[in-house]
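Chain by chain, the residues:
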Amino acid sequence: MVAAKKTKKTHESINNRLALVMKSGKYTLGYKTVLKSLRNSKGKLIIIANNCPPLRKSEIEYYAMLAKVGVHHYNGNNVDLGTACGKYYRVCCLSISDPGDSDIIKSIPGEQ
Amino acid sequence: MGPSPSGLRPTESPSPYQLRYKFWSSPSRNPSSSSSSSHPCTERRPRERARQEDRAKMVKFLKPNKAVIVLQGRYAGRKAVIVRSFDDGTRDRAYGHCLVAGIKKYPSKVIRKDSAKKTAKKSRVKCFVKLVNYRHLMPTRYTLDVDLKDIVTADCLQSKDKRVTASKETKKRFEERFKTGKNRWFFTKLRF
């Protein structure tokens, strides 16, 4: 199978990288700002939770296809993604505009 | 949890807000300013190279000649083409918006056994020109290469007769394009 089973190790590494981006980089959380960042080409990586509604998910993917920006489907729902970002609310999609010290942009789309 | 703030005078007792603010405004949060102060010859170049790579990846797609679908308003569901985009807005409209020329009434389906008169009648296109917020548009992967820059300008929306002449000109150009049979997607009605 190609990418079906995400091992625990890669999942933890994504969380670590996200934590580093939260601390040192620039990001926006939420659907409206994700689309905004895609429109003005500030977003570099988009992360979507797995329980994102399918219409919204395909819309974000279409925008990202037009902007040639990578999309990562996070292995967890919006509650988990919010926790991974260190927030106490749910995050369905987020956009990273400046990764700071993290190498999330180079490593994550390559893994997929 | 409280990190010790660096430049705080010993006489002040920092409030929790100040502590939190100091932490988040510490140099590690803004990597560009910190790296420029130390080792300017070595640390700046890799970051610049990284930034150039990143700049090459990002593509701006709300550009002139892009086919879009209007999502809100009277023309919701209609296809349009971006003529001019104002990414940072103007003084009147402080948001990203663009000037679009779209189809108000799509041409009907023309079949082979139609007479010339009927074909001409069925190929008519009714157009509109509008300033639309980016939020109310759905971009598509299609483009429409029709030269509307000289007809549809920002000031053609100011008075009714200017708007009518602009619409009439775009109608002419759209009809020509429809008759050649290209960009067929643009001239078919979006079913929803």
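That block above? That's the structure.
Predicted model, so just to flag it, every value in this text is computed and none were measured.

This part covers the packing of aromatic side chains. Per the stated rule, a full pass over the model turns up seven aromatic pairs over all chains. With a centroid separation of 5.6 Å and an interplanar angle of 65 degrees, the aromatic rings of Phe174(B) and Phe186(B) are classed as edge-to-face. Separated by 12 residues along the polypeptide, Phe174(B) in helix 5 (residues 160-180) and Phe186(B) in the segment after helix 5 bring together distant segments of the chain. Taken together through their ring pairs, the aromatic side chains of Phe174(B), Phe178(B), Phe186(B) and Phe187(B) make up a single cluster. Of note, Arg56(A) hangs over the ring of Tyr31(A), and the distance from its end group to the ring centre comes to 4.5 Å. Lys79(B) extends its terminal NZ or CZ atom over the ring of Trp185(B), reaching a point 3.9 Å from the ring centre.

For the rest of this paragraph, the subject is the sheet that holds strand 4 (residues 93-98) of chain A. Residues and elements named next belong to chain A. Taken in spatial order, the four strands line up as 1-4-2-3 in an open sheet, and their pairing is mixed. Looking along the sheet, the strands with just one partner apiece sit at the ends: strand 1 (26-29) and strand 3 (70-73). The sheet shows a mean angle of 20 degrees between the axes of neighbouring strands, taken without regard to direction.

Quick look at the environment of Gly76(A) now. Residue and element names in this part refer to chain A. With respect to the secondary-structure elements, glycine 76 resides in the loop between strand 3 and helix 4 (78-84). Taking the C-alpha atoms as reference points, glycine 76 and asparagine 51, separated by 25 residues in sequence, lie 7.8 Å from one another. What glycine 76 contacts, discounting residues up to four positions off in sequence, is Ala49 and Asn50.

Definitions and cut-offs
Residues numbered from 1 in each chain as written. Chains lettered and ligands numbered in written order. Predicted model: local features only at pLDDT ≥ 70, side-chain atom pairs only at ≥ 80, totals over all residues. Heavy atoms only, no water. Phe/Tyr/Trp six-rings, centres within 6.5 Å; stacked < 30°, edge-to-face > 60°. Helix = DSSP H or I, 4+ residues; strand = E, 2+ residues; numbered from the N terminus. Lys NZ or Arg CZ within 6 Å of the ring centre and 35° of its normal. Pairing = 2+ DSSP bridges. Axes fitted to C-alpha atoms, helices over the stretch in contact; angles between N-to-C directions. Contact = heavy atoms within 4.5 Å.

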